[in-house]
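Okay, here's what each chain looks like letter by letter:
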Amino acid sequence: MPFLAFVEIKMENKHGYKNKSKKPDRKPAGATREFTDTVSECVVSGRNAVRELLAAERDIDKIYVTSGDREGSIKLLIAQAMERKIPVITVDKTKLDAMCGGARHQGIVAMAAEHNYSSVDEILAYAEEKGEKPFIIILDGVEDPHNLGAIIRSADCLGAHGVIIPKRRAVGLTPTVAKAAAGATEHVRVAKVTNIASTIDELKERGLWIYAADMGGDEYYNTDLTGSAAIVLGSEGAGISRLVKDKCDFTLSIKLHGMVNSMNVSCAAAVIFAEVARQRDMKGGK
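What you are looking at is a predicted structure, and each value in this text was computed from that prediction instead of being measured.

### Looking at the overall build of the protein chain
1) Next: Assigned secondary structure in the protein chain consists of ten helices and twelve strands.
2) Next: A total of 286 residues make up the protein chain; the buried ones form 52% of that total.
3) Next: Taking as baseline every contact in the protein chain between residues at least 6 positions apart, the subset at least 24 positions apart corresponds to 81%.
4) Next: Only carbon and sulfur atoms are counted for the fraction: they give 50% of the accessible area of the protein chain, which is about 13600 Å².

### Observations regarding helix α3 (residues 72–83)
Since there are 3.6 residues in each turn of an α-helix, residues three or four apart along the chain are aligned in direction.
1) Next: Here α3 is twelve residues long and its end C-alpha atoms lie 17 Å apart, about the 16 Å a rise of 1.5 Å per residue gives.
2) Next: If you check which residues of α3 are buried, you get Ile 74, Leu 77, Ile 78 and Ala 81. Along the axis of α3, the buried residues cluster in a sector spanning 100 degrees; they form a single face. In α3, the exposed residues that point more than 90 degrees away from the buried face are Leu 76 and Glu 83.
3) Next: Against α2 (47–55), β3 (60–66), β4 (88–91) and β5 (108–112) lie the buried residues of α3.
4) Next: Phi turns positive, to about 60 degrees, at Lys 85, one or two residues after α3.

### Brief notes about the packing of helix α6 (residues 145–157) against helix α10 (residues 265–282)
1) Next: At their nearest, the axes of α6 and α10 sit 9 Å apart, and the two run at 10 degrees to each other. The angle between α6 and α10 falls in the class roughly parallel. The residues of α10 that touch α6, namely those facing Asn 147, Ala 150, Ile 151, Ser 154 and Ala 155, are Val 265, Ser 266, Ala 269, Ala 270 and Phe 273.
2) Next: Looking at the contact of α6 with α10 residue by residue, the class counts come to seven nonpolar, three polar and no charged.

### Details of the sheet that holds β5
1) Next: The strand order across the open sheet built from four strands is β2-β5-β3-β4, with neighbouring strands paired in mixed fashion. Each of the sheet's edge strands pairs with one partner strand only, and the pair in question is β2 (43–45) and β4. With strand direction ignored, the average angle separating the axes of adjacent strands in the sheet is 25 degrees.

### With respect to the nonpolar core
1) Next: Core analysis: the largest hydrophobic core is formed by 37 residues, its most contacted members being Ile 137, Leu 139, Ile 152, Val 163 and Phe 273.
2) Next: When residues of this core are traced back to their parent elements, those giving at least two are β6 (135–140), α6, β7 (162–166), β9 (209–219), β10 (229–234) and α10.
3) Next: If one sorts the elements of this core by residue count, α10 sits on top with six residues.
4) Next: Those residues in contact with Leu 139 that lie beyond four places of it in its chain are Leu 148, Ile 151, Val 163, Ile 164, Ile 165, Pro 166, Ile 196 and Leu 233.
5) Next: Membership of the second largest hydrophobic core comes to 19 residues, among which are Ile 136, Ile 164, Val 193 and Ile 240.

### Remarks on the packing of aromatic side chains
1) Next: Across all of its chains, the model carries four aromatic pairs by this definition.
2) Next: Both rings, one in Phe 135 and one in Phe 273, keep their centres 5.9 Å apart while their planes meet at 80 degrees; by these two values the pair is edge-to-face. Within this pair, whereas Phe 135 is found in strand β6, its partner Phe 273 is found in helix α10, the two being separated by 138 residues in sequence. Of the two residues, Phe 135 and Phe 273, neither departs from the other in class, the shared state being buried.
3) Next: Look at Tyr 220 and Tyr 221: their rings are 5.1 Å apart centre to centre, the planes differ by 75 degrees, and that puts the pair in the edge-to-face class.
4) Next: With a relative accessible area of 14%, Tyr 220 lands in the buried category.
5) Next: Above the ring of Tyr 126, the side-chain terminus of Arg 189 is found at 3.7 Å from the ring centroid.

### Examining the packing of α2 against α3
1) Next: Axis separation between α2 and α3 bottoms out at 11 Å; the angle between their running directions is 25 degrees. Of the possible angle classes, the one that applies to α2 and α3 is roughly parallel. Crossing handedness for the pair α2 and α3: left-handed. Contact with α2, carried on its side by Arg 47, Val 50, Arg 51 and Leu 54, involves Ser 73, Ile 74, Leu 77 and Gln 80 of α3 and no other residues of that element.

### Here we look at unusual backbone geometry
1) Next: A positive phi angle, near 60 degrees, is found at Lys 85, a position not held by glycine.
2) Next: Within the element layout of this structure, Lys 85 appears in the loop between α3 and β4.
3) Next: Positive phi values are uncommon outside glycine, yet Arg 169 reaches one of about 55 degrees.
4) Next: For Arg 169, the position within the fold is in the loop between β7 and α7 (175–180).

### Notes on the pattern of salt bridges
1) Next: Scanning all chains against the criterion turns up eight salt bridges.
2) Next: As a salt-bridge pair, Lys 192 and Asp 61 come within 2.5 Å of each other at their nearest N and O atoms. Highlighted residues: Lys 192 in strand β8 (residues 190–193) and Asp 61 in strand β3, separated in sequence by 131 residues. Each member of the pair Lys 192 and Asp 61 is classed as buried.
3) Next: The residue Lys 204 makes a salt bridge to Asp 249 at a minimum N-O spacing of 3.6 Å. Placement of the pair is Lys 204 in helix α8 (residues 196–205) and Asp 249 in the loop between α9 (242–247) and β11 (250–253), with a sequence separation of 45 residues.

Reading guide: rules and limits
- Residue positions within a chain follow its written sequence, with the count starting from 1.
- Where totals are concerned, whole chains, interfaces and linings use all residues; where local detail is concerned, this predicted model gives features only for residues with pLDDT of at least 70, and gives and counts side-chain atom pairs only at 80 or more.
- Note that water and hydrogens are dropped before the side-chain values are worked out from all heavy atoms of the structure.
- A run of H or I in DSSP counts as a helix once it spans at least four residues, and a run of E counts as a strand once it spans at least two, with each numbered from the N terminus.
- Residue burial is assigned from relative accessible area. The probe radius is 1.4 Å, only protein chains are included, and a residue is buried under 20% of its type maximum, exposed over 50%, and partly exposed in between.
- Here, two residues are considered to be in contact whenever any of their heavy atoms come within 4.5 Å of each other.
- Where accessible areas are quoted, they stem from the Shrake-Rupley method and a 1.4 Å probe; at the residue level, only the protein chains shown are allowed to cover.
- Expected helix span is given by 1.5 Å per residue-to-residue step, counting one fewer step than there are residues.
- Arc definition: it is the arc formed by the directions from the helix axis to the C-beta atoms.
- Orientation is described by axes fitted as lines to C-alpha atoms, over the contacting stretch for helices, and by angles from 0 to 180 degrees between their N-to-C directions.
- When describing relative orientation, an angle under 35 degrees is termed roughly parallel and one over 145 degrees roughly antiparallel, while 65 to 115 degrees is termed roughly perpendicular and anything else oblique.
- Amino acids are sorted into nonpolar (Ala, Val, Leu, Ile, Met, Phe, Trp, Tyr, Cys and Pro), charged (Asp, Glu, Lys and Arg) and polar (every other residue, Gly among them).
- When DSSP locates at least two bridges between a pair of strands, those strands are taken to pair.
- Each nonpolar core is a collection of buried residues, namely Ala, Val, Leu, Ile, Met, Phe, Trp, Tyr and Cys, held together in the definition by side-chain atoms within 4.5 Å.
- Ring geometry is summarised as follows: Phe, Tyr and Trp rings, the Trp one being its six-membered ring, pair when their centres sit within 6.5 Å, and such pairs are stacked at plane angles under 30 degrees, edge-to-face over 60 and tilted between the two.
- For a ring to carry a charge above it, either NZ of a lysine or CZ of an arginine must fall within 6 Å of the ring centroid while also lying within 35 degrees of the normal to the ring plane.
- Each helix crossing is assigned a hand: it is left-handed if the near helix lies turned anticlockwise from the far helix by less than a right angle, otherwise right-handed if that turn is clockwise.
- Only one rule defines a salt bridge in this text: a Lys or Arg side-chain nitrogen within 4 Å of an Asp or Glu carboxyl oxygen.

Next comes the structure, spelled out in C-alpha cells:
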C-alpha cells in the first residue's frame, strides 16, 4: 500500500545532498485525511448519538460542529466535550454532510476512536511490570493513518512499551490505522496528550532520555539506546517542530547511501526501533 507523504526524516546522505525544498503534505481537496480514511463505524452523527457516546465515556478523537450552531443541546454537548478536553472543531455543513455520507447529523459529528487510549502513566507502568526500562515512541504530528499504523506495528514487533500522539493536527486510532497496524493496535498502548512538549518535560522528570530522529545528529547505531528512552519522530511535511526538538536531549540520524535524501517516517522508525531492540537484547533486555 503506497504512502502519500515521504518528506519526514531529513538527513544528509553520502553525496552531501540536503533538502532544499519540501513537498507539501498532500490531502484530498476539501477534507482532512481523517475524513477520507475513516469508515462509518468511527463516525457518530446526531445529537442523541453523540450524547450517548459522551455518557459512555468512549474515547473520542474530535467533535465537529457546524459554524454558528452553538445553541440548545449542542451547546451542552460542546461543554461536555471541552470538559473532557476533546477538540471541538467548527466546519461548514457540507463537510459534515460528506463525513456522514448524506445522513442526518443535526449539526454535530463525533469521531470515536477505534480503540480506547491509554495514559502515559499506564505506558510507564507496563514497562515497570515487565521489569524493563521504558522504551516509548513520541509522534509529533503524524497525519497519514498508514504511517501511524506501520509505526504501531513496528513498535509492537520491536519491544516498545507505548506510543504517544498529540490530540490536535494528527491522526488518531481510526480503522485505517488499525488495518495498517495488522492487529498491533490490540497490543500497543497509545496515549493521546494535549501538549507534546509538556509531556517530554514530564518524561524527563521521570528519568527518560529523549532522542529526536532528525538530520544533523549522531549516527543512531553509535548512540547508547539501552537506558530509559523516548524516540521522537516528526510529521510527514514539517518534521519535528522547533519547540519539541529543543526539548530533546539528543538527535539521531540515519546515514543515507542513495540519491534520495529522506526516508518515510514509518521506515525510519522501524530502522531506529530495531537498533534499540538489538542493543537491549545485547544487554539482556533490561
